[in-house]
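Listed below are the residues making up each chain.
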Amino acid sequence: MKILCTICARGGSKGIHKKNLRIIAGKPLLAHTIELAVRFGLFDAVVFSSDCLELMQLASDYGASVFFQRAEHLSSDSAGKIAVIQDAHRRSCNHFNTSFDIHFDLDCTSPLRIQSDLTNAFDLFTKTNSDLTISGTKSRKSPYFNIVEIDQDG
């Protein structure tokens, strides 16, 4: 069984400028997810997808495979994540000349994720014979309190 892990990050961000490069607990936000994925040891490949050369270099420095720059049409605010993941999967199959049976995609904006989170997700996925497993958590309060809305003043 071959397992691919992708980590996708755009260079642009409307909310927090260059958020994936911001230092969190002594290292760039992006580094936490890459290091965990590489350390996890279950993945046959940890592949990074981005449109940003600076992020691509950083991802490579932290141990991700970086062998393509994401196309512009997959890097806009309106580009869907599924299309980005599919692109990374197809490119990875071609690059490594193999097919992957399972595909993990880890958001780099979850630096508090730990190895047991990955183990539990993998166990749940395999034990339930699922096609897809998505992590989540119950909100402690109304999600509306976390929403930022743009009004007439911007």
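The model shown is predicted, which means the values in this text are computed figures rather than measured ones. (Residues numbered from 1 in each chain as written. Predicted model: local features only at pLDDT ≥ 70, side-chain atom pairs only at ≥ 80, totals over all residues. Heavy atoms only, no water.)

A. Inspection of the pairing of strand 4 (residues 45–49) at higher detail. The element strand 4 is largely enclosed, with a buried count of five among its five residues. Both strand 1 (residues 3–8) and strand 4 contribute to a ladder of five bridges, which runs parallel. Considered in strand 4, the bridge of Leu4 is made with Ala45. (Buried < 20%, exposed > 50% of the residue type's maximum accessible area, 1.4 Å probe, protein only. Helix = DSSP H or I, 4+ residues; strand = E, 2+ residues; numbered from the N terminus. Pairing = 2+ DSSP bridges.)

B. Looking closely at helix 4 (residues 115–127). The terminal C-alpha atoms of helix 4 lie 18 Å apart, and with 13 residues this matches the ideal 18 Å at 1.5 Å per residue to within 8%. If you check which residues of helix 4 are buried, you get Leu118, Phe122 and Phe125. Buried residues of helix 4, viewed axially, fall in a sector of 65°; they line one side. Those residues of helix 4 hidden inside the fold are in contact with strand 1, helix 1 (29–40) and strand 5 (102–105). Remark: Asn129 follows helix 4 within two positions and exhibits a positive phi of approximately 55°. (Expected span 1.5 Å × (residues − 1). Arc of directions from axis to C-beta. Contact = heavy atoms within 4.5 Å.)

C. Representation of the side chain of Thr33. Within the element layout of this structure, Thr33 appears in helix 1. For Thr33, a relative accessible area of 0% translates into the label buried. Every residue in contact with Thr33, bar those within four places of it in the chain, is listed here: Ile7, Leu106, Asp107, Cys108, Ser110 and Arg113.

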